[in-house]
Amino acid sequence: MTDLGLRFVRRPGPGGRAANLAALGATAIVALLVTFLIAGSLGLTHRSDRIGWRTTDDGDQKTAVGVVNEIDDMAGGVPITRYDVAVNNPQKDVPPPPGLAAAPKPGEVFVSPEVAKHWSDDLAKRYNTAKPTGVITDKGLSSPDEWVIIHGVEKNSPGVAPADHPKYLDSWNGKALDERMAVLLVLVAFGITLVLFPLLSLVGQAAGVAAKRREHRLAALRLAGATRSQVLWLSAVEQAVLGLLGAVAGLIGYTLLTPLIARIPLGGGRWYVHDLTPSWWVALIVLIAVPVLSVISALIGLGRVSITPLGVVRGQTRKATSALRLGLLVIGPIMLAILGTGGAIIPLLIGIGLAALAVRIVGPFAVQVIGRFMARTARGPVALLAGRRLADDPKAAFRPVAALVLSGFVTGFLALFMPYGMNSTAADQAFEFNPKQGQVAVVANDAKQLLSEAKINGQVTTDDHSVIISIPAADHEKARTALYNLVPGKVPLTNAERDQQDAGMYKDLRLGVALLLGLVFVTGAASTAAGAVGTALDQAGPAKALRRSGVPLKVIERSARLAAVVPVVGVGLPVVGFGALTGLALSGGEVLTKGSSGVILLGAQVIIGLVLVAVAGAAGAPVLRKASVG
């Protein structure tokens, strides 16, 4: 049976080549996306590990090797993260911070390559040095685009004094999870949950395309005396070879695309290519997992062949789906509404997963209802044939577009849940300081003197707790340099600049949503295209019989296209609304989307979905035309 299975791969027979190529392409896309998700997740942890020492607070005040204070800074309109570092207990045997030759001494300034390229006179004045002491290597950076300054300061100076509650480091190689990377990893977990079912649907579609062609062949072998185990083994061998070849192609494709993927500015900048390069064990997981999933999907699809081969040959109608599936639609949204955004991550992921699973399970029932309605109300042969096809086998009709319909759920969910902009307009352009009690007047007088010495026109006002310094926009950078040490450990920033510091996370959210939808649409496109080929091969027998009975080929093709469009329009559009309802349930009814971003996203989803269906119909038409000849 093993040799026979390998022979079938080499010589698949009529229509088999198209089925195998479609299955191979879909499996390759699955392998590529799985590799991307695994390598991307690991890449985020690698990036966090290199900069983890900056935020690791694991030392004791008396024995800590160093003290760190993080400060938001700005230069030339670009946000900079500055770390004041003081050596607490010098130790010769302790490795230095990653990316540095030694722990920074007071007055030393180490900068990232981007800061070194844009070193200016203002920065030189602020740090009292004509040029940086050194440049941080990639071993101490999260991204080649990172803007970061490591500034050596005296022990117990402002910001690193015990009263300021700085971070104490047990060593210079702490591995604390960076806050931004931690948020991205949570988003990746949400993304994997949302894309999981479209991805599994694509795996099943890839296996099902080849299985459709071998179904009657295996049924004939069963009727000829082959045992159930022999038939299943034969199918497993054939699908395993296709799955392995697809996995290899996917890994090669990912390797070729890695330099392009590394240019995605996520998490503060581009990636180092080595962060996204899959290790040998990741490649091994993909080479094992993808063929195994393909084999399991194929064997599940061939279960009825191994048990009732006569049913396959006779073309018996599948068992109708149950209306009880509708009850699954309420479980996920209710669970998310109860938990809210403050819930634990795992229950939230389970709730989102249940909502997506409900769409996958209820979809065939909805297709069956629509098909019966079309068949009963048909006024012509096209609608009648399409309706009967949908009603007779709703699972097979829904399977090719399952990933695309699930992408509608993902889009609807994200469009009404994910934030797309800042909550504050940040119109205030004045510097604001909040000195310690009793220091407001002193700070205000010092500010006036510093501005006068720098010949900058500015207005200094005070209230009970703060000093507000209004400066013309053209003089902001010059004024920041003049006021840089007005309050030690506090950089002069406007509210707009503070919002710009925080905007990086919102940019990550927007880009993450775009990447997630990209993955979903790639999955949906592959599944829809593969499904079109599989459906065409599956309908070859009925189409051939219809042509022999005198039905025009145009009628058959039009009914096939209608049967492909109906599940997307009739099920996909309501699913978009269901996804939006789920997003609203999780956010407690508060729409976080600002402006028209959500509307644009939903509109793009509908347009892209319809285009994919049209392309899929065009891809399946030649296969159906050729397979129905005779």
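Refer to the structure printed above.
Everything quoted here is computed from the prediction, not taken from an experiment. (Residues numbered from 1 in each chain as written. Predicted model: local features only at pLDDT ≥ 70, side-chain atom pairs only at ≥ 80, totals over all residues. Heavy atoms only, no water.)

1. So, the pairing of strand β2 (residues 78-87)
Applied cut-off: One bridge is not enough; two strands pair if DSSP finds at least two bridges between them. Where helices and strands are cited, they refer to DSSP runs of H or I of at least four residues and of E of at least two residues respectively, numbered from the N terminus.
Here strand β1 (residues 66-75) pairs with β2 via 10 bridges, running antiparallel. Residue pairing across strands places Asn 69 opposite Asp 84, the latter belonging to β2. Between β1 and the antiparallel strand that follows it, β2, lie two residues; Gly 76 among them carries a positive phi value of about 60°. With five bridges connecting them, β2 and strand β5 (residues 148-152) associate as parallel partners.

2. Examining the nonpolar core
Formally: Only buried Ala, Val, Leu, Ile, Met, Phe, Trp, Tyr and Cys residues count toward a nonpolar core, and they belong to the same one when joined by side-chain atoms within 4.5 Å. Only protein chains enter the accessibility calculation, which uses a 1.4 Å probe; a residue whose area is less than 20% of its type maximum is buried, one above 50% is exposed, and one in between is partly exposed.
Residues Leu 390, Phe 398, Val 405 and Phe 409 are the most contacted members of the largest nonpolar core, which totals 55 residues. The leading source of residues in this core is helix α2 (residues 16-51), at nine residues. The next biggest cluster of nonpolar side chains, apart from the first, holds 17 residues, and it includes Phe 433, Ile 456, Val 460 and Leu 483.

3. Brief notes about the environment of Ala 563
Looking at the secondary structure, you find Ala 563 in helix α20 (residues 553-586). As a C-alpha pair, Ala 563 and Gly 371 span 192 residues in sequence and 8.6 Å in three-dimensional space.

4. Some thoughts on the pattern of salt bridges
The criterion, for reference: Within this document, salt bridges are pairs made up of a side-chain nitrogen of Lys or Arg and a carboxyl oxygen of Asp or Glu, the two lying within 4 Å of each other.
Summed over all chains, the structure comprises 11 salt bridges. With a shortest N-O distance of 4.0 Å, Arg 126 and Asp 73 are connected by a salt bridge. One end of the pair, Arg 126, is in helix α4 (residues 121-127); the other, Asp 73, is in strand β1, and 53 residues separate them in sequence. Taken as a pair, Arg 126 and Asp 73 share a single burial class, namely buried. Its salt-bridge partner being Lys 117, residue Glu 114 comes within 3.5 Å of it at the nearest N-O pair. A residue pair is termed a helical-turn pair when its members lie 3 or 4 positions apart in one helix, as Glu 114 and Lys 117 do in helix α3 (residues 113-117) at three residues. Glu 114 gets classed as buried once you look at its relative accessible area, which sits at 13%. Judged by its relative accessible area of 62%, Lys 117 falls in the exposed class. Among the charged side chains, a network of salt bridges with common partners joins Asp 73, Arg 126, Glu 477, Arg 480 and Glu 497.

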